[in-house]
Structures are given as structure tokens and as C-alpha cells.
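# Coordinate analysis (summary)
Each chain, written out:
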Amino acid sequence: MRRHAIILGFALCLTGIAPAHALTADDAVRIALRKHIAPTGPIHDAAEPDVAAAMTEFVEDVRGAWFRAVAARQALALLDEVRETLDLSAEFAQSLRDAGNLSALDLMRHQVLQAETTAGLAVLRADLQIEQERLAHLVGMALSDLGLPDKLADVPPSPAAAPPTASLPPEAQWSVRTAHLKYLAAHERARAYAATIVPLRRKITEETTLRFNGMLVDIFALLADVREQASASLTAIEAERDFWLAENALRYAEVVSHEPQAAPVLAPGARSGAAGGGH
Amino acid sequence: MLSRRNLLTGAALLGAAAVSRASLSAIPEAAYPAGPRTQVPPLPTTGRPFHPVVTLNGWSAPWTMNGEWKEFHLVAEPVERQIAPGMRAKLWGYNGQSPGPTIEGVEGDKVRIFVTNKLAEPTTVHWHGMILPNGMDGVGGLTQPYIPVGKTFVYEFELVKSGTFMYHPHADEMVQMAMGMMGLFIVHPRDPAEHRVDRDYAFLINAYDIAPGASTPSVATMTDFNLWSWNSRVFPGIDVPVAGQGERVRIRMGNLSMTSHPIHLHGHSFEVTCTDGGWVRESARWPEVTTDVPVGAMRAVEFVAENEGDWAFHCHKSHHTMGPMGHGTANMIGARQDHLEERMIKLVPDFMVMGNHGMGDMGEMEMPLPDNTLPMMTGSGPFGALAMGGMFTVFKVRKGLGPRDFTDPGWYTQPAGTTAREV
Ligand SMILES: [Cu+2]
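Below is a summary of the structure that appears in this document. (Residues numbered from 1 in each chain as written. Chains lettered and ligands numbered in written order. Predicted model: local features only at pLDDT ≥ 70, side-chain atom pairs only at ≥ 80, totals over all residues. Heavy atoms only, no water.)

## Here's the deal with the overall build of chain A
To be explicit about the condition: Only runs of H or I of at least four residues qualify as helices and only runs of E of at least two qualify as strands under DSSP, and these elements are numbered from the N terminus. Each residue's exposure class comes from its accessible area (1.4 Å probe, protein chains only) as a fraction of the maximum for that residue type: buried when under 20%, exposed when over 50%, partly exposed otherwise. Contacts were defined at the residue level, with two residues in contact if any of their heavy atoms lie within 4.5 Å. Only the protein chains shown count as cover for residues, and the accessible areas themselves come from Shrake-Rupley with a 1.4 Å probe.
Along its length, chain A carries six helices and zero strands. Start at the N end of chain A and walk to the C end: the helices and strands fall as α-α-α-α-α-α. Looking at chain A as a whole, 45% of its 279 residues are labelled buried. Within chain A, counting contacts between residues at least 6 apart in sequence, those at least 24 apart form 78% of the total. Just so you have it, chain A exposes about 13,300 Å², and 58% of that area is on carbon and sulfur atoms.

What follows is the structure in C-alpha cells.
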């Protein structure tokens, strides 16, 4: 099947020079293919349907791992911010307690909130660590050498049109259709977070800061809103990641159901998903 | 500048006090004030002579003589009031403002007061403290039908005794008063020499609960008001009363808020000479420097402005001399915060430590606040921040002030060597 030859064509023309820019999804795919496929056997194996299908799936998997790893990197910084709001709340509470302004009961309420949430964050932090290490494992590099971009590319303002499926067999139509519906939903959610929810949370913190200035609310209310804002940003990153994963899945569905000239897997351009779009 | 508004041309009305179609054309036009600052009324040119009061941040309604009747026209309507520079409130009032215009008459006057209802709900006007026929008392459902939306009623009665009175709705009154519907009604003695003073000030005490960043009062608030106001104004928006040294001064105060206010004047002692019940016999007066004005009551105090200076004049409930503040917030006083400031600034770049030395800091700093929200403490004087809000103003006594001069003379220059000093 010709499409698999195209995949290999991309993989095999790589020079082996590490990218000078931040590692893009396509970089990751090239490096991973070189590591896992090129050394394992003769090139003509790729023309066998089973091998080719496995490779396409592998490409999708590496790209997915890349999106997850970049999102995880972003999320970890925000996790630190959430934790900092809790630490500060507890420390302010301790200051108040030291000054004789807070009961032992109220101090413990701040402390237990901090401890409970921090405990929950530990698991989340490990998950994010694993997301990054999985990509490092797939491309065969040390985590510190990956050179991931700081953030995922912004979600485009409007979603891609429904791919033409009329010529496909019913099973393929259905899988592309399903992937497209999921893609549309992920797009709507990610856009809502980027365009509405996160900006609103930011404005809310700004307004709360003004109220704090006027002694209309206290430090704990201010920290709670900073925490809500950081949480919304975390969810926004998750939504952005899910969009790019859905986009990746849609592409995969298209590739496995189309003739190769319709959709090359490693198409450069708007769909790369990397901030800055470097290739 | 008085702006004029057209009268409504409603259909004929039902009810004893309703104005018939035929008489609508005879209603005097409603007058409107020029703004939220004090407008010193002109001396009367028609009707019996009297010495008008000066309503702080208010004005007195003009009237039309119609035979032996003195005719006024109140329009109950939504209004916008500047509470102090930097904040506007959406209130209900009369003739474009809250409070409505002060109505002034003379003992023995026959008054005819037209009331047009431009609110979205029925209203009435009760003439608080006045002796009048039962059907003119203005209690909706009890003494009269409500004034329906868009209709004009007329009240007619004789001012049988002089004194200090007020008017307000007796229809959905919790809401209508929480929205600012009220006004002063002063009846002067028939003999202008009786109870004569050189300066006669008047204001109503009210309170609002307007959420920071909002502009309409919460009408269901019972106790937690955040704007403690005189004539719907708060410091530094309350105009300063002034007096020439040696002048006899009267200050009339009516309380239509939901709590009492111990009103305190520095530098002088005064006597309560009049309540909404009438004049207090001289033998029954005693000197004091603070008088509590109970809810739904009025007090007029009199004194000779003997002592030159800038004298604080305020409610003595200290939270009533504050602007809006948070309730149930953490008490930061004496708590160490500086060691956390840098970390806070990383999260909130505009962060600044508040309240750990007490709240006085706030009076000195101009921190950005939510829109349409007044600071908890503000204002400055010749020696620094005043750090005040709410029911606070300055009573200024000066030598050689002209009898009709009500302009703010600026800060008092204390004689050398008479200022508290560091030793
Ligand atoms: Cu008070």
C-alpha cells in the first residue's frame, strides 16, 4: 500500500541531526521511527500491510505522546501555582494565629484544606511526570534532552470542515464520522476555555484584587480566586491537549480509510500542533 | 438651572384624592434641582415671610400661590444620585433627586401638594409628624387608596403648627425608603422672630446597601448597610456647614434609616430645641455634645457658634464614619505578613499587604478599587489623611462671615502655638 511507503519515505530521509528548534510532534515521530523501525529489518517489510498498519498506529501514538508531554509540562507549572495558593493560605493563617487573631479550629481548617489538596496533587504530578517520560521513552532520549516547546499551539478559531467520506466503505465512513464528531466537541470545549473561561477567571481575580484593596474581601478570598484561576488554566490545557489528540485521532481515521494521496500522515503546516509551528 | 418636565396627561382618576382631568391643567410644573451640591434657597417673595433652611446637599421646592393655597408638585420617580465623587447610585426619589426637595411653609399656610407617581409601583406620601385630617395622612390602604402608577393625587391640609417634619412613602415603605424616597418638611413659625436663628441647616439621615461595583441598593437589607449617609451623601461628598463666629445656629436632623445615630459636634455644646413632636420647652432642655437621633425621629439642635475653627461633625458610631468595608473578613491586625509579600506578588502582581498596622493605612493610600465603589476611608485635611467616610463632615466657624455666605472658607489657620505638637 502506497501510503505506508510515504510514511517510510519521511522516516528514512531523516538525517539524524537533532532538531535545533524545540522538538515538534513530527520531530518526535521521525526520531521514534528511526529508533524503533529502521534498525529492525529490511525496508521492504514496510510494504507488507500488517507492518504498515502497525506503523501508522505507531505514528499516531508518538504524536499523541508528544501532545500529552507538552501539555504535562505546561500543567506542572500551574500545579505549582495551585499548591502555592494553598501553602500561602496556610501560612497567612499561621501568622494570624501567631498574632492571636485566629482560633486553633480555624487554623486547622486552613491546614487540612492545604494537606488534602496537596495530597491529591501528588498523584496528578506523578501522572504528568509519566506523560513526559513516556515520550522520552518512545523517542529514546533522556527527558532533560527532549527540548519540548513551552506550550501547545493555540486551538484554531474555527474547526476543520467535515472530511469527505462519500467514497468510503460504510465502516470507514463511520470511523471518520465518529472521529470528526469528537474533534468538533473537543474544539468547542477548548475554545470555550481559551476564549471565555480563562479570560473570565483572570478578570475575576483582577476584580477580587480590587476588592482586596478596598478591604472588602480578605487574603483568603483573594488566594481562593487565584487558585480557581490556576485550576481553570489547568483545565484549559487539558482541553487544548484533548483537542490536539482528537485532531490526531481524526487524521489517523482519515489516513487508514483513504487512498494515500488524500492525506499524508506527516503533512507539515497548520495541523502540526506545536507552538510556533517549527518543522 | 432648573430643567422642566412636562406633566403627565393622564386620564381622569378615581378616588377622593385623585386629580380630575379638568384640574390637571392647573397643576404647577414640577421643579428640578441643579445638582447634588447644596442650593441655598432664595428668600420668599410670595406668601408669608420666613427664614428658609439650608438643606445640606439639597434644595427647597418652589411653590405657586393659588389664592390662599400654596401649591407644590412632587414627582415620585427613579433618580440617579451622586453619593460622593466617584460613586453614583440608582435610587428612587422626588423631582430628580433623593432626598426629594425640602418643602417649607409657614404656620397657618394652606398647602396643596400634588404627587405624581412615575415609579413602577403604587406609592403614597405620609407627612411625618404633621397634624392633619386623617384622609391626608398618606397611609396606603388605611387612609387613602394608593396612588397608581402614572397617576397624580393631591394632598390638601393646613400647617397647624411650626416645627421640623419630613415626608416619605407609606406604601411598600421598606423598599421605597431603602431606595431613597424621603424629604424634609419644615414649618416656620408665623412670627419670623420666634425661634429665630442666624443659620438653619437641615438634613435626613439614611443608609444604603449597594454591593461594591453595583449601583442599586439591596432593598432587603435590614442591618448590614455599607453607605451611611446624610441626604444620600457620604464623606467627602457631604457639604460643609459654616457659621460666622457668634451666630446662633440650628441643625435639624431626621432619621429614616433603620438604626439610631448619636450625632456629635466638636467644639460646642448644644441643646435639642425641637423634635418632630414640636418645640422643646426651655426648662426641659439640657446641654450636650451628642444627641441620639432614633429611628423615625427628628432632632433640631441649637447653639451659638462661639469657637472659631474646623470642627468635626459626625455620627459617633465609628463604623458609620466609614465607607464600604467587608464583613466577616480575616482580622489582619498585628499579623506578620511582610515575609509572604514577595510570594504573593508572584501570584498577584498588584498585591500589597493590607491591614496589619490597623486600617489607618488605607486612608493614606489611593488603591485602585472596583468601579463605582468608594474607599472605606478617605479624605485629607491640612495635617494629613482624614481616613473617614460615611456620616462625617466639618462644621466651620469663622469670624466675619457674611449672613448669606455659605461658601466653604477652606481650612482653618490655627493661631501660632495652639496646635498639638511633638515634644
Ligand atoms: Cu450613625
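## Notes on the packing of helix α2 (residues 25–36) of chain A against helix α4 (residues 104–139) of chain A
Residue and element names in this part refer to chain A. Heads up, the rule is: In this analysis, axes come from line fits to C-alpha atoms, helices being fitted only over the stretch in contact, and the angle between any two N-to-C directions falls in the range 0 to 180 degrees. For classification purposes, an angle smaller than 35 degrees is called roughly parallel, one larger than 145 roughly antiparallel, one from 65 to 115 roughly perpendicular, and anything else oblique. Think of it as three bins: nonpolar holds Ala, Val, Leu, Ile, Met, Phe, Trp, Tyr, Cys and Pro, charged holds Asp, Glu, Lys and Arg, and polar takes everything else, Gly as well.
As a packed pair, α2 and α4 sit with axes 7 Å apart at the nearest point and diverge in direction by 50°. Between α2 and α4, the crossing angle belongs to the class labelled oblique. Judged by residue contacts, Ala-28, Ile-31, Ala-32, Lys-35 and His-36 of α2 engage Leu-135, His-137, Leu-138 and Val-139 from α4. Looking at side-chain class alone, the contact of α2 with α4 contains six nonpolar, two polar and one charged residues.

## Overview of the interface of chain B and chain A
We count it as follows: Defined in terms of a 1.4 Å probe, buried area is the accessible area two parts forfeit on being brought together, summed over both. Each reported salt bridge corresponds to a side-chain nitrogen of Lys or Arg within 4 Å of a carboxyl oxygen of Asp or Glu. Between N or O atoms, a polar contact is any pair within 3.5 Å; within protein, one atom must be a potential hydrogen donor and the other a potential acceptor, and residues adjacent in sequence are included only when both atoms are from side chains.
Each side of the interface is counted separately: chain B has 34 residues, and chain A has 27 residues. Considering only the surface of chain B that becomes buried against chain A, Leu-340, Arg-343 and Leu-347 of chain B emerge as the three largest contributors, covering 22% of it. Our count for the chain B to chain A interface comes out at two salt bridges. Residue Glu-84 of chain A is joined to Arg-343 of chain B by a salt bridge in which the shortest nitrogen-to-oxygen separation is 2.7 Å. For the pair chain B and chain A, the number of links is nine residue pairs in polar contact (both at pLDDT 80 or more). Here the side of chain B that touches chain A gets five residues from one element, more than from any other, and that element is helix α3 (residues 338–347) of chain B.

## Side note on the side chain of Arg-252 of chain B
Residues and elements named next belong to chain B. The residue Arg-252 is located in strand β14 (residues 248–255) in this model. For Arg-252, a relative accessible area of 1% gives the class buried. A polar atom in the side chain of Arg-252 sits 2.7 Å from the side chain of Asp-200. In this structure, Arg-252 is in contact with Val-53, Gly-163, Thr-164, Ile-186, His-188, Asp-200, Tyr-201, Ala-202, Phe-203, Trp-279, Arg-299 and Ala-300, ignoring residues within four places of it in sequence.

## Remarks on the pattern of salt bridges
Summed over all chains, the structure comprises 32 salt bridges over all chains. Look at the salt bridges and you will find they share partners, linking Glu-131, Arg-189, Glu-238, Arg-241 and Asp-242 of chain A into a network.

## Observations concerning a nonpolar patch on the surface
All names here are of chain B. Applicable threshold: A patch consists of residues exposed above 30% relative accessible area that lack any salt bridge, with like charges linked at up to 9 Å and nonpolar side chains (Val, Leu, Ile, Met, Phe, Trp, Tyr) linked at up to 5 Å.
A cluster of nonpolar side chains, namely Met-174, Met-222 and Met-258, defines an oily patch on the protein surface of about 270 Å² accessible area. Mapped onto the elements, Met-222 comes out in the loop between β11 (199–208) and β12 (227–230). Given the relative accessible area of 44%, Met-222 is considered partly exposed.

## Describing the pairing of strand β22 (residues 378–381) of chain B
Residues and elements named next belong to chain B. Here is the rule we go by: In this description, strands pair whenever DSSP reports at least two bridges between them.
Across three bridges, the pairing between β22 and strand β23 (residues 384–388) is antiparallel. Bridge pairing links Gly-381 to Gly-384 in β23. Between β22 and β23, which pair antiparallel in sequence order, lie two residues.

## Examining the coordination of the copper ion
Residue and element names in this part refer to chain B. We apply this condition: Listed donors are limited to N, O and S atoms within 2.8 Å of the metal, widened to 3.2 Å for Na, K and Ca; water is not among them, so incomplete-looking sites are possible.
Donor atoms from the polypeptide that bind the copper ion are His-261 (ND1), Cys-315 (SG) and His-320 (ND1), placed at 2.0 Å. One chain supplies every donor to the copper ion, and in sequence these donors are spaced H-x53-C-x4-H. One end of the pair, His-261, is in strand β15 (residues 261–265); the other, His-320, is in the loop between β21 (309–315) and α3, with 59 residues separating them in the sequence. Both residues of the pair, His-261 and His-320, belong to the buried class.

## Brief notes about the nonpolar core
Test applied: We call a set of buried Ala, Val, Leu, Ile, Met, Phe, Trp, Tyr and Cys residues a nonpolar core when their side-chain atoms join them within 4.5 Å.
Counting 55 residues, the largest nonpolar core has Leu-23, Trp-66, Leu-135 and Leu-148 of chain A as the members making the most contacts within it. For this core, the secondary-structure elements that each account for two or more residues are α2, α3 (49–98), α4, α5 (170–213) and α6 (219–257) of chain A. Top contributing element to this core by residue count: α3 of chain A, with 17 residues. One finds Val-54, Ile-205, Val-293 and Ala-305 of chain B within the second-largest nonpolar core, a separate group that totals 35 residues.

## Some points on the packing of aromatic side chains
Condition: We call Phe, Tyr and Trp rings a pair once their centres come within 6.5 Å, taking the six-membered ring for Trp, and we label the pair stacked below 30 degrees between planes, edge-to-face above 60, and tilted otherwise. Whether a charge sits over a ring depends on NZ of Lys or CZ of Arg being within 6 Å of the ring centre and within 35 degrees of the ring normal.
Per the counting criterion, the structure on display carries 20 aromatic pairs over all chains. Plain terms: the ring middles of Phe-212 of chain A and Phe-351 of chain B are 5.4 Å apart, the flat faces sit at 25° to each other, and that makes the pair stacked. In this pair, Phe-212 of chain A is assigned in helix α5 and Phe-351 of chain B in the loop between α3 and α4 (360–364), connecting two distinct chains. Side by side, Phe-212 of chain A and Phe-351 of chain B carry an identical accessibility label, which is buried. Judged by centre distance (5.3 Å) and plane angle (70°), the ring pair of Tyr-94 of chain B and Tyr-167 of chain B falls under edge-to-face. Here Tyr-94 of chain B, found in strand β4 (residues 87–94), pairs with Tyr-167 of chain B, found in strand β9 (residues 163–168); they are 73 residues apart in sequence, far enough to count as distant. You can call Tyr-94 of chain B buried: its relative accessible area is 0%. Through a chain of ring-to-ring contacts, the aromatic side chains of Tyr-94, Trp-127, Tyr-155, Phe-157, Tyr-167 and Phe-185 of chain B assemble into a single cluster. Positioned over the ring face of Phe-406 of chain B is Arg-199 of chain B, at 4.9 Å from the centre of the ring. The side chain of Lys-396 of chain B reaches across the aromatic face of Trp-411 of chain B, ending 4.5 Å from its centre.

## Quick word on the packing of α3 of chain A against α3 of chain B
Keep this limit in mind: In a left-handed crossing the near helix is turned counterclockwise from the far helix by less than a right angle, and in a right-handed crossing that turn is clockwise.
Between α3 of chain A and α3 of chain B, the least distance of the axes is 11 Å, while the angle of their chain directions is 150°. In this view, α3 of chain A runs roughly antiparallel relative to α3 of chain B, as classed from their interaxial angle. In the packing of α3 of chain A onto α3 of chain B, the handedness of the crossing is left-handed. Here α3 of chain A contributes Glu-81, Glu-84, Thr-85, Asp-87, Leu-88, Glu-91, Phe-92 and Ser-95 of chain A to the contact with α3 of chain B, which in turn contributes His-339, Leu-340, Arg-343, Met-344 and Leu-347 of chain B. Here the residues of the contact of α3 of chain A with α3 of chain B are counted per class, giving five nonpolar, three polar and five charged.

## What about the environment of Arg-134 of chain A?
All names here are of chain A. In this fold, Arg-134 is placed in helix α4. Along the backbone, Arg-134 and Asp-154 are 20 residues apart, and their C-alpha atoms lie at a distance of 23 Å. Beyond its immediate sequence surroundings of up to four residues, Arg-134 is in contact with Asp-61 and Ala-65. Here the side chain of Arg-134 touches Asp-61 through a polar contact of 2.8 Å, side chain to side chain.

## A closer look at unusual backbone geometry
All names here are of chain B. Pro-99 follows Ser-98 through a cis peptide bond whose omega is -5°. Looking at the element boundaries, Pro-99 is found in the loop between β4 and β5 (103–106). Cis peptide bonds are those with omega within 30 degrees of zero, and the linkage from Phe-235 to Pro-236 qualifies with 5°. The residue Pro-236 is located in the loop between β12 and β13 (242–244) in this model. You will see that Ser-232, though not glycine, has its phi angle at about 55°, which is positive. Relative to the elements of secondary structure, Ser-232 occurs in the loop between β12 and β13.

Functional significance is not addressed by these values, which are geometric in nature.
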